[in-house]
Amino acid sequence: MPKMIDVVNLSNSTESHLESTLSDIQKKFGAIAGFIHIHPAAKNASSLFDLFPENEKEIVKLVFLIAKHLKSSLNTAAKNSSDSNAYFLTVSQLDGQLGTGAKKASSIIGGGLPGLVKSLHREWAPVCSRHIDLEPGMAVDEAANVILEEMADTNSGLLEVGRTKLERMTLTLEQVQHNAYQHNAYTKVKKPNRESVFLVSGGGRGITADCVVELAYSYKSKFILLGRTALQVDKPDWADKCTDEKELKKLIIDDIVQKGKKPTPVEVNKILHDLISQREIQNTLERVNSCGGEAIYISTDVTNKTDLQEQIARVQKNIGVITGIIHGAGNIADKRIEKKSQEDYHRVIEPKVKGLENILSVINPLELKYLFLFSSVAGYFGNPGQTDYALANEILNKFAYSFKHLFPQTHVVSINWGPWERGMIDPTLNSYYKLHNIELIPVDLGVKFCRDEFCIPLEYAAEQILVSARLSIPNQQIENPKAAEIQRILSADNNPFLKDHVILNNAVLPATCAINWMVKSCEDILPNYKVRLIEKFKVLKGIVFDENYNNEYFTSLTFLGVQEDLYTFEVRVSSQHKLNNNRIYHYGATISFEKEWGIMPIYTNLDIKSDGKLYTPYGSESVLFHGETFQGVKKVLQLGNDKITSLCNLGVVEQKEQGQFSVNSFNAYLADVQLQNVLLWANQQLGGVCLPLGCKKIEQFQPLNFQQDFYVSAEIISSNNSCVTANVFVHNERGEIYIQWTHIDYIIVKKLQKRSVTNHG
């Protein structure tokens, strides 16, 4: 550790020691304005119990407590700073894809940190909160640069980011229609039946019990219901005859007084709660049995592994081997993080996480056909007052992905439930829901959704789903992006593909790579969005890698606005003159992004028959100077006075060849192939060589892949001895358009006659 870095060690992880240590740090160095936690790299898991390392549980709890005790300092720093540069960052090393990459199974406790961070964002609006998941094995200096990049990001609404060496991503929602009444849609799926045995935590009461009753009605299965409430054998007669809670509370008080005791509110409420809970459990058992299922209830605490194992071993002898798990156990202790105690934390975390771990210890995972985890939207979105609850549910979400990797034969899903419309809703909570336009899930529809999820074939099942009526969804992607400028050091040596794009003995950056560059700069602000529209693209001063080129460039982004989920940026690429401070502008465009690809329109002038003539796209006899990386024109089908049509297919350009221009939602290499057709036409019809200068509009409807056949139909709008203007349609054999280039301008370059072209490839 360098001498200029001060190191403060914790001798233990108690909250009192942590609090005093943080106090000492602030006395010595000043108020704390930022916190970064680097979580240990997730270890590969070869068994279920590798997923729950105890040391990681202690680390995550420590981060939670640090957040609690930094609340005041960080928020004060944020309010006192004009730049609002106070920050709380957590960094995990799962897979660089927030644990969703399905590349391996790994320890998942650190995967709960995004839940904490997202909830802190809701509680601490002025503080920059973000979780970063790095690809394991990333070099230290590279990881440090990534963290610094994320700290500098102006998009404060982006709360969790995955970073690999090649991409930046986040998690977004994809809405799917689900008809809750079509549960027989998948007739070939093997559904639960009378032989199915489900172990259900938290299954005696609440929405979990409602779901169990629906499953019993539909599948006639067997259920082992777990809960902490003990069922009394001898219940007082006066309790059975009373259904009104207020009257019941009076009877409880009278009973205590008759026994010669003095009733206290705590004692009365506990007896009332137990009586109501027992009634609900008994009602659940009766409903399951009346529906044709079979249910037994076990009073146990799922966090008590020994008792759980003993009781399950005893009942399994009679009911059969457990083939399904529904993990619905959970507690809440809603309050802002600065008010949370360690007891609150454990009360919330343990049933979800330790409970799941203990449940898995009593079953044979190879016999398991279903594993349903009842998580919450709080884990995905974060929620004020539920920092611990969100953390616990995010651990369940990450668990689903790792479990699926270990046991692909099991239908595993973490259901992020929204709030349900069940029983008496607290007036304060009900007002909150109405204020935020949140609708409750009707019980009859919610239970049918749960039932139908068992009918989905494994190949279509998702590890994590979110179920809600209508939510006022927090915007985690874009919150008024500010203008940004991004530096890039450009080197020919770092971009091997340039050897195949050489003109007059100098490597030249393809115009399509400039588009890719600008798209990438926007995608870093809009992870998971796709470029749909590029307008007013211009080559102002192309980049030639000769002795005069400048290796330092700047991409400036100006957010122009959003309309119907279409986010638009004005983008410019520039450099600074070596001899003065003047800016040199190289490329510019207006670029729009959307979450989903669009519907492919039809090319109405389709004609892909060959005219019978032989054309040579590449080689010494061709005008095309492109080397192997860009040689995708396989056959020119027809070339006439105002149109050229060709069949194209470009082989895979390996990642190492792509260098600094990795394929994103705009494939620069396939796009370059699409532009080559006009070069062939110009040489044939005008006897000249041309290069693209700009395009009025580029529309992308669906992606193209390497090694995929596609057709390019270029229609010439106008031409003379100095320029050519064309429309280019990229389509399949049916005429469905992948990408459409409107009004591309090419310049005829006399000194690029083919005798002057150096062919590399």
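In this text the structure is predicted, and so the values were computed from the model without any measurement.

Basis of the calculations
- Residues numbered from 1 in each chain as written.
- Predicted model: local features only at pLDDT ≥ 70, side-chain atom pairs only at ≥ 80, totals over all residues.
- Heavy atoms only, no water.
- Helix = DSSP H or I, 4+ residues; strand = E, 2+ residues; numbered from the N terminus.
- Buried < 20%, exposed > 50% of the residue type's maximum accessible area, 1.4 Å probe, protein only.
- Contact = heavy atoms within 4.5 Å.
- Lys, Arg positive; Asp, Glu negative; His and termini not counted.
- Charge placed at Lys NZ, Arg CZ, Asp CG, Glu CD.
- Pairing = 2+ DSSP bridges.
- Right-handed = clockwise from strand over helix to strand, strands pointing away.
- Disulfide = S-S within 2.5 Å.
- Core = buried A, V, L, I, M, F, W, Y, C linked by side-chain atoms within 4.5 Å.
- Axes fitted to C-alpha atoms, helices over the stretch in contact; angles between N-to-C directions.
- Parallel < 35°, antiparallel > 145°, perpendicular 65-115°, else oblique.
- Left-handed = near helix turned anticlockwise from the far one by under 90°.
- Nonpolar A, V, L, I, M, F, W, Y, C, P; charged D, E, K, R; others polar.
- Phe/Tyr/Trp six-rings, centres within 6.5 Å; stacked < 30°, edge-to-face > 60°.

Chemist: When you look at the overall build of the protein in this model, what are you seeing that I'm missing?
Modeler: When you go through the protein residue by residue, the secondary structure sums to 17 helices and 28 strands. Reported as C-alpha extents along the three principal axes, the dimensions of the protein are approximately 110 × 70 × 45 Å. The 761 residues of the protein split such that 52% are buried. The long-range fraction of contacts in the protein, counting pairs at least 24 apart against all pairs at least 6 apart in sequence, stands at 77%. The average position of the 80 basic charges and that of the 86 acidic charges among the side chains of the protein differ by 1 Å.

Chemist: I'm lost on the pairing of strand β6 (residues 197–201) in this one. Help?
Modeler: Two faces, one strand: in a regular strand the side chains alternate between the faces of the sheet. The element β6 is largely enclosed, with a buried count of five among its five residues. A two-sided burial pattern is seen for β6, the buried positions comprising V197, L199 and S201 on one face and F198 and V200 on the other. Summarising the sheet, β6 and strand β7 (residues 222–227) pair through five bridges and their orientation is parallel. Paired with L199 across the bridge in β7 is I224. Of the crossover connections in this fold, the one passing from β6 over helix α5 (residues 206–219) to the parallel β7 is right-handed. Where β6 meets strand β9 (residues 324–327), four bridges bridge the pair, whose relative direction is parallel. Opposite S201, over in β9, you have H327 as the bridge partner.

Chemist: Would you mind going over the state of the cysteines with me for this structure?
Modeler: Think of a disulfide as a covalent bridge from one cysteine sulfur atom to another cysteine sulfur atom. Counted according to the given criterion, the structure contains zero disulfides. Here C291 stays unpaired: no disulfide links it, and the sulfur of C211, its closest cysteine neighbor, is 13 Å away. With no disulfide partner, C450 has as its closest neighbouring cysteine sulfur the one in C211, 3.9 Å distant. Among the residues examined, C450 registers a relative accessible area of 0% and is labelled buried.

Chemist: Help me understand the nonpolar core in this model?
Modeler: As a rule of thumb, soluble globular proteins bury nonpolar side chains together. Membership of the largest hydrophobic core comes to 80 residues, with the highest contact counts inside it found for L509 and W741. If you tally residues by element for this core, the top one is helix α17 (residues 668–686), at eleven residues. Residue contacts for L509: discarding those within four places in its chain leaves F497, L498, H501, A514, W517, I543, F545, Y587 and F661. Within the second largest apolar cluster, 64 residues are counted, among which are L18, L116, I363 and A392.

Chemist: Quick question: what am I supposed to make of unusual backbone geometry here?
Modeler: Glycine aside, residues mostly have negative phi, and peptide bonds are mostly found in the trans state. Unlike most non-glycine residues, L98 shows phi in positive territory, near 60°. With respect to the secondary-structure elements, L98 resides in the loop between β2 (87–92) and α3 (113–123). One non-glycine residue, L504, lies in the positive phi region at around 50°. Mapped onto the fold, L504 is located in the loop between β16 (502–503) and β17 (506–508). Given the relative accessible area of 35%, L504 is considered partly exposed.

Chemist: Mind showing me how you'd approach the sheet that holds β9 here?
Modeler: Hydrogen bonding along the main chain pairs the strands of a sheet, whether they run parallel or antiparallel. Taking strand neighbours across the sheet as the criterion, the seven strands line up as β8-β7-β6-β9-β10-β11-β14 in an open arrangement whose pairing is parallel. Both outer strands of the open sheet, β8 (294–299) and β14 (464–467), are each paired with one neighbouring strand and no more. Across the sheet, the mean angle from the axis of one strand to that of its neighbour is 20°, orientation sign disregarded. Relative to strand β11 (residues 411–417), strand β10 (residues 370–376) runs parallel, the two sharing seven bridges.

Chemist: Please clarify how helix α14 (residues 443–453) should be interpreted in this entry.
Modeler: It helps to recall that an α-helix has 3.6 residues per turn; residues three or four apart then point in one direction. Of all eleven residues in α14, eight are buried, a share of seventy percent or more. If you check which residues of α14 are buried, you get G446, V447, K448, F449, C450, R451, D452 and E453. Those residues of α14 that are buried lie in contact with α5, β10, β11, β12 (420–421), β13 (441–442) and β14.

Chemist: In this structure, what is going on with the packing of helix α2 (residues 54–80) against helix α10 (residues 342–360)? I would like to understand it.
Modeler: How two helices pack is summed up by the angle between their axes together with the distance between the axes. Running from N to C, α2 and α10 point in directions that differ by 150°, and their axes come no closer than 12 Å. Comparing their axes, α10 and α2 come out roughly antiparallel. As for the relative orientation of α2 and α10, their crossing is right-handed in sense. Taken together, the residues of α10 that come into contact with α2 (itself represented by E54, K57, V60, K61, F64 and L65) are Q342, Y345, H346, K354 and E357. Looking at the contact of α2 with α10 residue by residue, the classes come out as four nonpolar, two polar and five charged.

Chemist: Just checking my understanding: could you explain the packing of aromatic side chains for this structure?
Modeler: Given two aromatic rings, their pairing is described by the distance between the two centres and the angle made by the two planes. Within the structure shown, the criterion is met by 28 aromatic pairs. For the ring pair F630 and Y669, a centre distance of 5.9 Å and an interplane angle of 35° mean the geometry is tilted. Placement of F630 in the loop between β22 (583–594) and β23 (633–639) and of Y669 in helix α17 is noted, with a sequence separation of 39 residues between them. Each of the two residues, F630 as well as Y669, counts as buried.

Chemist: In this structure, what is going on with the sheet that holds strand β28 (residues 737–748)? I would like to understand it.
Modeler: Spatially, the eleven strands line up as an open sheet ordered β15-β20-β21-β22-β18-β25-β28-β27-β26-β24-β23, and their pairing is antiparallel. Both outer strands of the open sheet, β15 (484–489) and β23, are each paired with one neighbouring strand and no more. If you compare each strand with its neighbour and ignore which way they point, the axes differ by 25° on average. Where strand β20 (residues 552–563) and strand β21 (residues 566–576) come together, nine bridges link them in antiparallel fashion. Counterpart to F559 in the pairing with β21 is F569. Across the sheet, helix α15 (residues 511–523) touches β15, β18 (530–539), β20, β21, β22, β25 (690–700) and β28, and the angle it forms with β22 is around 60°.

On their own, these measurements won't tell you what the molecule is for.
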